[in-house]
Amino acid sequence: MSNSLTKSDFAAKISAAKKKIEENLEELNKLDAATGDGDHGTSIKRVIEAADTAAQGDASFKDMLTNVGMAVMSVGVGSAGPLIGSFFMGMGDAVDSEELDAAQVAAMFHAGVAGLQKYSKAQIGDKTMMDAILPAVEAMDGKVDIPVLFSAAAEAAASGAEATRQMTAKFGRARNLGERTKGHMDAGARSFSLIFAAFAEA
Amino acid sequence: MSNSLTKSDFAAKISAAKKKIEENLEELNKLDAATGDGDHGTSIKRVIEAADTAAQGDASFKDMLTNVGMAVMSVGVGSAGPLIGSFFMGMGDAVDSEELDAAQVAAMFHAGVAGLQKYSKAQIGDKTMMDAILPAVEAMDGKVDIPVLFSAAAEAAASGAEATRQMTAKFGRARNLGERTKGHMDAGARSFSLIFAAFAEA
Amino acid sequence: MVMKKFLNDPNDLTPELLEGYCLAYPDKVKLVNDKIVMRANPKDESKVAVVTLGGAGHEPALSGYVGDGLLDASVVGDIFAAPPGPKVLEALKLLNRDAGILLIILNHQGDVLNGNMALDLAEREGIKVKSILTHEDIAPGTAAPIEDRRGLGGCIPLAKIAGAAADAGKSLDEVLEIAERFNNQMATLAVTMKTATAPQSGEYISSLPDDMMEIGMGQHGEGGGTGPQKIMTADETAETMVKKLAAAIDVKSGDQAMLIVNGSGATTLMEMFIVFRKAYKVLEEMGVKVAISRCEEMLTVQEAAGFQMFLGKVDDELLGYLQAPSNAPYWVTQ
Amino acid sequence: MVMKKFLNDPNDLTPELLEGYCLAYPDKVKLVNDKIVMRANPKDESKVAVVTLGGAGHEPALSGYVGDGLLDASVVGDIFAAPPGPKVLEALKLLNRDAGILLIILNHQGDVLNGNMALDLAEREGIKVKSILTHEDIAPGTAAPIEDRRGLGGCIPLAKIAGAAADAGKSLDEVLEIAERFNNQMATLAVTMKTATAPQSGEYISSLPDDMMEIGMGQHGEGGGTGPQKIMTADETAETMVKKLAAAIDVKSGDQAMLIVNGSGATTLMEMFIVFRKAYKVLEEMGVKVAISRCEEMLTVQEAAGFQMFLGKVDDELLGYLQAPSNAPYWVTQ
Ligand SMILES: Nc1ncnc2c1ncn2[C@@H]1O[C@H](COP(=O)(O)OP(=O)(O)O)[C@@H](O)[C@H]1O
Ligand SMILES: Nc1ncnc2c1ncn2[C@@H]1O[C@H](COP(=O)(O)OP(=O)(O)O)[C@@H](O)[C@H]1O
Ligand SMILES: [Mg+2]
Ligand SMILES: [Mg+2]
Ligand SMILES: [Mg+2]
Ligand SMILES: [Mg+2]
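Residue numbering note: each chain is counted from 1, following its sequence as written. Both sets of labels track the order of writing: A upward for chains, 1 upward for ligands. Totals for whole chains, interfaces and linings use all residues, but because this is a predicted model, local features are given only for residues with pLDDT of at least 70 and pairs of side-chain atoms are given and counted only at 80 or more. Side-chain numbers here rest on the full set of heavy atoms in the structure, without hydrogens or water.

Whenever I open this one, the overall build of chain A confuses me. Can you help?
Segments assigned H or I by DSSP are reported as helices when at least four residues long, segments assigned E as strands when at least two residues long, and all are numbered from the N terminus. In terms of regular secondary structure, chain A is built from nine helices and two strands. Along its sequence from the N terminus, chain A presents helices and strands in the succession β-α-α-α-α-α-β-α-α-α-α. Using C-alpha atoms as the atom set, the radius of gyration is obtained and then compared with a globule rule of 2.2 Å times the number of residues to the power 0.38. Its C-alpha atoms give chain A a radius of gyration of 16 Å, near enough to 17 Å, the size a compact globule of 202 residues would have. Expressed along its principal axes, the backbone C-alpha trace of chain A runs to roughly 45 × 35 × 30 Å. Burial status follows relative accessibility: with a 1.4 Å probe on protein chains alone, a residue under 20% of its type maximum counts as buried, one over 50% as exposed, and anything between as partly exposed. Counting the 202 residues in chain A, one finds 57% classified as buried. When contacts within chain A are restricted to residue pairs at least 6 apart in sequence, those whose partners lie at least 24 apart make up 68%. For chain A, the computed accessible surface area is about 7,700 Å², with 52% contributed by carbon and sulfur atoms. In chain A, which carries 20 positive and 27 negative side-chain charges, the distance between the mean positions of the two groups comes to 7 Å. Here, two residues are considered to be in contact whenever any of their heavy atoms come within 4.5 Å of each other. Per-residue and other accessible areas were derived by the Shrake-Rupley procedure at a 1.4 Å probe size, with only the shown protein chains allowed to occlude residues. His is not counted here, nor are the chain ends, while Lys and Arg score as positive and Asp and Glu score as negative. In plain terms, the charge of a residue is placed at NZ if it is Lys, CZ if Arg, CG if Asp and CD if Glu.

Below, the structure written as structure tokens:
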């Protein structure tokens, strides 16, 4: 992989993420069953499949991201749609060329976080997907090499997801279980550790 | 026991029947559960308790039987109420004195059967309480000694009930199960074998 | 095992449920003589009264259908047990009128015995009453003797028709004739997935293996069906059942029908809609017009999973009565 | 294990149930753009429209309450999942009018996120819409932050009030004010005895030991309650719950209230009547008048056993709207 990210590079990463999510579907449903309603695997699968389909067209990189965002929002899987949809929509705001260097990739992901935060108030430590996403995007800062950037993100997402085991859920359905959520990894965080891992591998 | 049957003799027999039914409540519910809805023990218990209460007053023998019949009919336990109620009501039709000899006792029970048959078309072999009642009442014919009359009735009721095991139900809820009722003793027949046994013992 | 039900003393089940019911809908129904549910606003005595009887435990049936345009009274027995004949007589006495009374009896032995006893007693007292026996279960086949064809949920639309005709001022003979017409062209078939617990004893009523269902079970879990079979899809179940029903009442292209999916208790309305959809489509393909329908719990069997599918052929007059205004707690039509 | 449900392909659940529903009540509701249930006879555009959104799997809620005098539309998501914001926007566009639209959102994160997104998008398109958030669950206590107080079945009587006020010609601000008044004086508490199976996966949603029940569980079987406790009698359960509800909305002697016992699925109407009876009596002792009530399955959780008890304080105006004529399939008032 060259040291730039094009639309088709990113589309390939999304495809890889889709494959990885599909492979781990059962585990994700089980994680959500422990603290929520047991559908997160199915939901995230539908989200990432919608993203993958929307990423295929011949729109510009920017428009591709907006399309992916809208497609994800329209999936209709409860919270995951609007949250992850606004993440991709947000990314689109920061992209204006067809080839990004490492700093631009990091900026794209930061813009995604900004989009997501319009809808979610969850912070690090609240036991949500944020616990994987926020450290992953932080870890991209200052990287010059794109593969290194994605590996760092994947590593940070993985340990962020791991850390959710010790946390008490503050958002989503799991919030109602309070202390009883301790000891279980958050399903959404696990999804994003898988997604960032796929981004790094593809 | 003398060789005549008074109202209080018969009331004592009803009390004995009540005791016997109460002792065998579970078995009767279980028998009905196999071929019906599992409530026959509870139903016949309520029937015989109502009969016992109604038998206590100081009415004439004839009126006592009518009162018992009406009380049983008013119990509200599905089929058992009207069937057994009309059995006692029918008995009342045949009684006109306060002391009956063996032939009059047999006549009283035959009149009971006639009352019952106004409402039930069940015959011997149809796997109902008739399979205990009809042979029991037949067995009373020609007896001169009242204890002998009741022993003969009890014996006939017992073997009549036993014989229902081989039968296919033709009446009541059990009818719907058809062939599947074979192998189970009929609950109503078992009740009357217990009742006639108590009549013989008291 | 502890029953998973909200109950107090099992002996008080029926009085408590009736009291709660009448407290919930006091503008529509009232409880008289412990076990008789009557309209809160009785109709004019010049009109025929329509009465039914049956055991409790099937809520909302039968008492849920007492109200303007529907039943005048329902005489309630204990759980799954017919009320005693003398209690039915009390209701007939309360509603005694020159116009007469129609007594709807469902074909279950207890109901028939006690209903007939009440009719005998009423006749002796000079009460004008006629009866109609519903027996629309087609599980044993339409050629089966009447004793084998149980009265299932079809008594409810039949009561709606009789109630509307009576409220419209028809004579007793006319009400009976109209109700009999419907009685002869209606059919019900039940299917069960999970049996229920008898609320007094906590015992399971019958049972079904985990992967089995049974078509044709009675509404107390008693048999009568085709025996346990592997669970089918909603579409297969609906198609199998509606075809049998259509054949039984001989509906043909151009006919109008009423279609009801009546839930037994635990089966969700979601499933009932899915079943209804297929049954409707099968009828549509046959050219039969579903002119009126209901999808809800009408006559339940405690927490059994399953439903009764009902199909009745209707003409414009019957349809008019089915669509006429009514104000029973569980069947309100504007 | 095979699920004891009548289903076809689990992926088709929602479209099939919606199609079945609209086929069963074609004179009242119709399906638009796949997932929007609208009145078959739309009301005059001069009147405020009332819309809600929510996942399927809770039938008859929410779509069962679309009809004259009640909702104008319900936007339906997949089983237990909020519909996407863009789909909600479609409904708002279809009902766009100068009089404005009231969007009722139940406080569940998915509904809130997608509802808010639709509101954002609608604002950009110049659609006049305001929203109201129901959050009447008192399981976490009334002092708990709003995020913790879920929107349960109370959205249905609230929709009845908003729908009746809108149909009566009230302005958007007036409808909102009236609905908010009720919103601030209503409370719901749920109790669960048996959890349900998710119909897509066949998995049990949560679980409860054989001799346990839980007060305060959410309507998807998620927790939030006081934890499992030994099964209480119907009277104890009713008394415990109604007292908490009465305290939460501070009803006092002389007040009028609406009381609902809303079954979760497998709990029988028999049990609900018994529970209602005791709750009514406790209120009566407090001097609170139950001015209107319902006992039925309104917002279910598949075949879960349990119920939601709802208590709302009403004044004559609110009571008038609750009693006003309506013709939704699952809430008909003459
Ligand atoms: N407000 C939130 N912000 C960020 N992530 C959230 C939020 N609420 C929930 N999540 C994430 O969503 C996951 C659950 O997703 P999913 O099961 O698809 O949605 P639902 O809760 O609608 O069933 C949780 O594990 C958590 O990571
Ligand atoms: N038509 C009938 N004639 C005589 N006995 C009958 C008839 N129908 C049913 N029985 C008897 O009644 C018994 C069942 O009684 P019970 O369980 O109390 O009534 P139910 O069927 O209403 O639950 C049967 O075992 C049978 O002996
Ligand atoms: Mg989930
Ligand atoms: Mg029985
Ligand atoms: Mg139910
Ligand atoms: Mg979900």
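Is there a simple way to think about the nonpolar core in this case?
When a protein is soluble and globular, its nonpolar side chains tend to lie buried together. Residues Met309 of chain C together with Met309 of chain D are the most contacted members of the largest nonpolar core, which totals 212 residues. The residues contacting Met309 of chain D, other than those within four sequence positions of it, are Ala187, Thr188, Leu189, Ala238, Met241, Val242, Leu245, Leu259, Ile260, Val275 and Ala279 of chain D. Residues belong to a common nonpolar core when they are buried Ala, Val, Leu, Ile, Met, Phe, Trp, Tyr or Cys residues joined through side-chain atoms within 4.5 Å.

So what exactly am I meant to see when it comes to helix H3 (residues 40-56) of chain B here?
One full turn of an α-helix is made of 3.6 residues, so residues set three or four places apart face in the same direction. Residues and elements named next belong to chain B. The end-to-end C-alpha distance of H3, which contains 17 residues, comes to 24 Å, matching closely the 24 Å that a straight helix rising 1.5 Å per residue would cover. Looking at H3, one finds that the buried residues are His40, Gly41, Ser43, Ile44, Val47, Ile48, Ala50, Ala51, Asp52 and Ala55. Buried positions along H3 lie against helix H1 (7-23), helix H2 (25-35), helix H4 (61-73), helix H5 (80-94) and helix H9 (187-201). Given a helix with a known number of residues, its expected span is that number minus one, times 1.5 Å.

What am I meant to see in the coordination of the magnesium ion (ligand 5) here?
In an ideal tetrahedron of four donors about a metal, each angle is 109.5 degrees. In an ideal octahedron of six donors, the angles are 90 or 180 degrees. The protein atoms donating to the magnesium ion (ligand 5) are Gly265 of chain C (O), Glu297 of chain C (OE), Gly265 of chain D (O) and Glu297 of chain D (OE), with metal-donor distances spanning 2.0 to 2.2 Å. Highlighted residues: Gly265 of chain C in the loop between strand E10 (256-263) and helix H7 (269-286) and Gly265 of chain D in the loop between strand E10 (256-263) and helix H7 (269-286), drawn from two different chains. Grouping residues by exposure puts Gly265 of chain C and Gly265 of chain D together as buried. Only nitrogen, oxygen and sulfur atoms within 2.8 Å of the metal, or 3.2 Å for Na, K and Ca, are treated as donors, and water is left out, so sites may look incomplete.

Just checking my understanding: could you explain the site of ligand 2 for this structure?
A molecule or strand has a residue near it when one of that residue's heavy atoms lies within 4 Å. If you check the shell around ligand 2, you find 21 residues, and the closest are Asp39, Ser120, Met129 and Asp186 of chain B together with Gln109 of chain C. Around ligand 2, the neighbouring residues derive from chains B and C rather than from a single chain. Two N or O atoms count as a polar contact when they lie within 3.5 Å, although within protein this holds only if one can serve as hydrogen donor and the other as acceptor, and sequence-adjacent residues are included solely when both atoms are side-chain atoms. Ser120 of chain B has a polar side-chain atom sitting 2.6 Å from a nitrogen atom of ligand 2. Protein chains bury 95% of the 570 Å² of accessible surface belonging to ligand 2 in isolation. For the shell around ligand 2, the elements supplying multiple residues, two or more each, are H3, H5 and H9 of chain B. Split into classes, the residues belonging to the shell around ligand 2 amount to seven nonpolar, nine polar and five charged. When residue character is reported, Ala, Val, Leu, Ile, Met, Phe, Trp, Tyr, Cys and Pro are called nonpolar, Asp, Glu, Lys and Arg charged, and the others, Gly included, polar.

So what exactly am I meant to see when it comes to the interface of chain A and chain D here?
The accessible area lost on association of the parts is a frequent measure of interface size. With 19 residues of chain A in contact, the opposing surface of chain D contributes 24 residues. Buried area is calculated as the accessible area (1.4 Å probe) missing from two parts once they are joined, with the contributions of both summed. Buried area between chain A and chain D, both sides added, is near 1,900 Å², and the carbon and sulfur share of it is 52%. Throughout this description, the term salt bridge denotes a Lys or Arg side-chain nitrogen within 4 Å of a carboxyl oxygen of Asp or Glu. One can count three salt bridges joining chain A with chain D. In this structure, Asp78 of chain D engages Arg46 of chain A in a salt bridge whose closest nitrogen and oxygen atoms are separated by 2.9 Å.

Would you mind going over the packing of aromatic side chains with me for this structure?
Note on aromatic pairs: each is described by the distance of the centres and the angle between the planes. Ring pairs shown here join Phe, Tyr and Trp side chains whose ring centres sit within 6.5 Å, with only the six-membered ring taken for Trp; geometry is labelled stacked below 30 degrees between planes, edge-to-face above 60, and tilted in between. A full pass over the atoms with the stated rule returns 42 aromatic pairs over all chains. Here Tyr65 of chain C and Trp331 of chain C contribute two aromatic rings whose centre-to-centre distance is 6.5 Å and whose plane-to-plane angle is 85 degrees, an arrangement assigned as edge-to-face. Remark: Trp331 of chain C occurs in strand E14 (residues 331-333) and Tyr65 of chain C occurs in the loop between strand E3 (49-56) and strand E4 (73-79); sequence separation between them is 266 residues. In this structure, Tyr65 of chain C and Trp331 of chain C share a single accessibility class: buried. A cation over a ring is seen here: Lys13 of chain B above Phe150 of chain B, with NZ or CZ 4.4 Å from the ring centre. Over a ring means this: the NZ of a Lys or the CZ of an Arg is within 6 Å of the ring centre and within 35 degrees of the ring normal. Arg294 of chain C extends its terminal NZ or CZ atom over the ring of Trp331 of chain C, reaching a point 4.1 Å from the ring centre.

I tried to follow the arrangement of the chains on my own but got confused; where do I start?
Taking contact number as the criterion, the leading pair out of three pairs of chains in contact is chains C and D. A gap remains between chain A and chain C, with no contact made and the closest C-alpha atoms lying 19 Å from each other. What separates chain B from chain D at the closest point of their C-alpha atoms is a distance of 19 Å, and the two make no contact.

Any chance you could explain the relation of the copies chain C and chain D here in plain terms?
The two copies are related by a screw operation: chain C maps onto chain D through 180 degrees of rotation and 0.0 Å of translation along the axis, at an RMSD of 0.0 Å. The relationship between the two copies is best expressed as a two-fold rotation axis. In terms of proximity to the rotation axis, the leading residue of chain C is Ala266 of chain C, whose C-alpha is 2.1 Å off the axis. Both copies contact each other with a shared surface, as 100% of the interface residues of chain C are interface residues in chain D too. Least-squares fitting of one copy onto the other uses the C-alpha atoms of those residues that reach a pLDDT of at least 70 in both copies.

How should the site of ligand 1 be read in this particular structure?
Taken together, 21 residues form the shell around ligand 1, and within it His40, Ser120, Met129 and Asp186 of chain A together with Gln109 of chain D come nearest. Residues close to ligand 1 are split across chains A and D. Within the side chain of Asp32 of chain A, an N or O atom sits 3.1 Å from an oxygen atom of ligand 1. Contacts to ligand 1 include His40 of chain A, whose side-chain N or O atom sits 2.9 Å from an oxygen atom. Protein chains shield 95% of the accessible area of ligand 1, which is 560 Å² for the free molecule. Only helix H3 (40-55), helix H5 (80-94) and helix H9 (187-201) of chain A provide two or more residues apiece to the shell around ligand 1. Of the residues forming the shell around ligand 1, the biggest block, three residues, is contributed by H9 of chain A. Partitioned by chemical class, the residues of the shell around ligand 1 number seven nonpolar, nine polar and five charged.

Can you help me understand the environment of Ala136 of chain B in this one?
The residue Ala136 of chain B is located in helix H7 (residues 130-140) in this model. Separated by 60 residues in sequence, Ala136 of chain B and Phe196 of chain B have C-alpha atoms that sit 7.8 Å apart.

How should the sheet that holds strand E3 (residues 49-56) of chain D be read in this particular structure?
For sheets, the rule is that strands pair by backbone hydrogen bonds, running either parallel or antiparallel. All names here are of chain D. Any two strands are treated as partners once DSSP identifies two or more bridges connecting them. Within the open sheet, the six strands sit side by side as E1-E2-E4-E3-E5-E6. Their pairing is mixed. Of all the strands in the sheet, just strand E1 (29-32) and strand E6 (129-134) have a single pairing partner and so form its edges. The mean angle between the axes of side-by-side strands here comes to 25 degrees, regardless of whether they run parallel or antiparallel. As defined by bridge partners, E3 adjoins strand E4 (residues 73-79) across six bridges and the pair is classed as parallel. Considered in E4, the bridge of Ala56 is made with Ile79. Fitting a line to C-alpha atoms yields each axis, with helices limited to the stretch in contact; the angle taken between N-to-C directions then spans 0 to 180 degrees. Across the sheet, helix H4 (residues 155-167) is in contact with strand E2 (36-39), E3, strand E5 (101-106) and E6; its angle to E5 comes to roughly 175 degrees.

Explanation requested: the packing of helix H2 (residues 25-35) of chain A against H9 of chain A in the structure shown.
Describing two packed helices takes the angle between their axes plus the distance from one axis to the other. Residues and elements named next belong to chain A. Across the interface, H2 lies against H9 with an axial gap of 8 Å and an inter-helix angle of 155 degrees. Overall, the two elements H2 and H9 adopt an arrangement that is roughly antiparallel. Across the interface between the two elements, Glu27, Leu28, Leu31 and Asp32 from H2 touch Ala187, Arg190, Ser191 and Leu194 from H9. Angular relationships are summarised with four words: roughly parallel below 35 degrees, roughly antiparallel beyond 145, roughly perpendicular across 65 to 115, and oblique for the angles in between.

Which parts of the structure should I look at to understand the interface of chain C and chain D?
Taken together, the 66 residues of chain C in the interface contact 66 residues of chain D. Taking both sides of the interface into account, the surface hidden between chain C and chain D amounts to around 5,600 Å²; carbon and sulfur atoms contribute 65%. The largest contributions to the chain C side of the interface with chain D come from Lys4, Phe6 and Met270 of chain C, which together make up 18% of the buried area. Glu16 of chain D is the salt-bridge partner of Arg277 of chain C, the closest N and O atoms lying 3.9 Å from each other. The interface formed by chain C and chain D includes 30 residue pairs in polar contact (both at pLDDT 80 or more). It is H7 of chain C that provides the largest number of residues to the side of chain C that touches chain D, a total of ten residues. In terms of residue class, the side of chain C that touches chain D is made up of 35 nonpolar, 15 polar and 16 charged.

Honestly, the sheet that holds strand E9 (residues 229-230) of chain C in this entry has me stumped. Any pointers?
All names here are of chain C. Taken together, six strands build an open sheet; the order of strands is E9-E8-E7-E12-E10-E11 and the sheet is mixed. Since the sheet does not close on itself, it has two edges, and those belong to E9 and strand E11 (289-296), each with one partner. The sheet contact formed by strand E7 (residues 186-194) and strand E12 (residues 305-314) spans eight bridges and is antiparallel. Note that in E12 the partner of Thr188 across the bridge is Phe310. Sheet strands touched by helix H5 (residues 172-183): E7 and E12. Its angle to E12, the strand with the most contacts, is close to 120 degrees. In this fold helix H6 (residues 234-249) packs onto E7, strand E8 (212-215) and E12, with an angle of close to 35 degrees to the strand it touches most, E12.

Hey, could you run me through helix H8 (residues 316-323) of chain C in this one?
Residues and elements named next belong to chain C. Of the residues making up H8, those classed as buried are Leu318, Leu319, Tyr321 and Leu322. Each buried residue of H8 lies within a common arc of 160 degrees when the element is viewed along its axis, so the set occupies one face. Buried residues along H8 sit in contact with helix H4 (155-167), H5, E10, E11, E12 and E14. Near the N-terminus of H8, the side chain that reaches the backbone nitrogen of Glu317, with its oxygen 3.1 Å away, is that of Asp315. The arc in question is formed by the directions pointing from the helix axis toward the C-beta atoms.

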